[in-house]
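This is what each chain is made of:
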Amino acid sequence: MAPLLLGVIGLVGLFQVLVTPKMLASLFLGNFLVDTLIGTLAGAVASGNPIVSYLLAGELQEQGISLYAVSAFILSWVTLGFVHLPAEIEVFGGRFVLYRNILAFVFTMIIAILTTLSLQVLS
Amino acid sequence: MKKQEKPFAFRGKYLLLVVIIFYGVFFLANSETALSALQKSATLLIKILPIFVVVILFTALLNYFMQPKQIADHLGRGSGARGWLWALIAGVISHGPMYAWYSLLEDLRSHGMRDGLIVVFFASRTIKIPLLPIMIDYFGWIFTLLLSFYILIGALVQGWILEIMEQRLR
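Residues numbered from 1 in each chain as written. Chains lettered and ligands numbered in written order. Predicted model: local features only at pLDDT ≥ 70, side-chain atom pairs only at ≥ 80, totals over all residues.

Q: Help me understand the overall build of chain B in this model?
A: For chain B, the count of helices and strands is 8 helices and 0 strands. Of the regular secondary structure in chain B, the N- to C-terminal order runs α-α-α-α-α-α-α-α. Summarising the internal contacts of chain B: among those between residues at least 6 apart in sequence, 82% fall at separations of at least 24. (Helix = DSSP H or I, 4+ residues; strand = E, 2+ residues; numbered from the N terminus. Contact = placed C-beta atoms within 7 Å.)

In structure tokens form, the structure reads like this:
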């Protein structure tokens, strides 16, 4: 499994250099539903330590990006990863990976929306 | 039950080859950025090496001390609520990147671990206990509490849906 992991780590390094926080912030449009979708996709494309996702999410929120999008970004950073897909498919098989990622994608959006709505109700 | 030996395979050789080609092209186009990417990868590798060691040790211990039937009892078809709970707890306390856990999960799956529980494990990994204070600091404790609660419920629902999908397709 060493070549597989080295391949993924190599890809993560490339993405960390190529996908910058500025690039991420420029993606959001201001519509909560579209931004949740963009947040999910951005988190899935970006990769690295989860602590980086919190720092980036904090920066995004300061720039006025909605909490829907920020929550989705934090969630998909860990559960989804385009960079990991080749390795995940090789280990678990295409069908399982397809189902898992579709579920993770849909639930990332649902959880982000529910969390933000609940927070609004509570506060 | 005799354990089935898997033939040795040089896993991920094509992925590694493609990544090496990427780096080669990248070095020719922009050597400074390519070097920076390589440094980030090296730093990441050094950082997660201890996790790989833990995973390899854990896999070895599991194979040595537990029979496939015991694993199937805890994480297989008949594991019931206990299996879901194990997967949820394991996901929450697991550390490091997702791919560090692939080999252990692959091993457990070959011994009978349900696919639904793998989904629960991956989905509940979003809760990072050591990072919770940072999340609270950035987004507040109510947000952190709500998010964690929905993550746990969502993880279980995802596992449950996956099992239904797999049953329907069988």
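Q: Explain the overall build of chain A to me, please; I cannot follow it from the model alone.
A: Secondary structure assignment for chain A yields 7 helices and 0 strands. Mapped from its N terminus to its C terminus, chain A presents α and β elements in the order α-α-α-α-α-α-α. With the principal axes as the frame, chain A shows a C-alpha extent of 50 × 30 × 20 Å. A burial count over chain A gives 50% of its 123 residues as buried. For chain A, contacts bridging at least 24 residues in sequence account for 80% of all contacts bridging at least 6. (Buried ≥ 20, exposed ≤ 12 C-beta atoms within 10 Å, placed from the backbone.)

Q: What is the right way to look at the packing of helix α7 (residues 94-122) of chain A against helix α6 (residues 115-124) of chain B in this model?
A: Each pair of packed helices gets described by two things: the angle between the helix axes and the distance between those axes. For the pair α7(A) and α6(B), interaxial distance at closest approach is 11 Å and the crossing angle is 40 degrees. Considering their axes alone, α7(A) and α6(B) lie oblique with respect to each other. With respect to the hand of their crossing, α7(A) and α6(B) are arranged in right-handed fashion. Between α7(A) and α6(B), the contacting residues are Phe96(A), Arg100(A), Leu103(A), Ala104(A) and Phe107(A) on the first element and Asp115(B), Val119(B), Phe122(B) and Ala123(B) on the second. (Axes fitted to C-alpha atoms, helices over the stretch in contact; angles between N-to-C directions. Parallel < 35°, antiparallel > 145°, perpendicular 65-115°, else oblique. Left-handed = near helix turned anticlockwise from the far one by under 90°.)

Q: I'm lost on the confidence of the model for chain A in this one. Help?
A: Detailed reading of predicted coordinates is not advised where the pLDDT is low. The predicted model of chain A averages 88 in pLDDT, with 99% of residues at 70 or higher. Of all the helices and strands in chain A, helix α2 (residues 21-25) of chain A carries the lowest mean pLDDT, 77, while α7(A) carries the highest, 95. (pLDDT = per-residue confidence, 0-100.)

Q: Just checking my understanding: could you explain the domain arrangement of chain B for this structure?
A: Residue and element names in this part refer to chain B. According to the domain assignment, chain B consists of domain 1 (10-65) and domain 2 (67-170). On a C-alpha basis, the centres of domain 1 and domain 2 stand 24 Å from each other. Every contact between the two is made by 6 residues of domain 1 and, on the other side, 8 residues of domain 2. Classifying every residue of the side of domain 1 that touches domain 2 by side-chain character gives 5 nonpolar, 1 polar and no charged. (Domains from an automatic or database assignment. Nonpolar A, V, L, I, M, F, W, Y, C, P; charged D, E, K, R; others polar.)

Q: Would you mind going over the environment of Leu103(A) with me for this structure?
A: With respect to the helices and strands, the residue Leu103(A) is situated in helix α7. Residue class for Leu103(A) comes out buried when judged on the 22 C-beta atoms lying within 10 Å of it. Along the primary structure Leu103(A) and Leu67(A) are separated by 36 residues, whereas in three dimensions their C-alpha atoms are 21 Å apart. In contact with Leu103(A), not counting residues within four places along its chain, are Val119(B), Gln158(B), Ile161(B) and Leu162(B).

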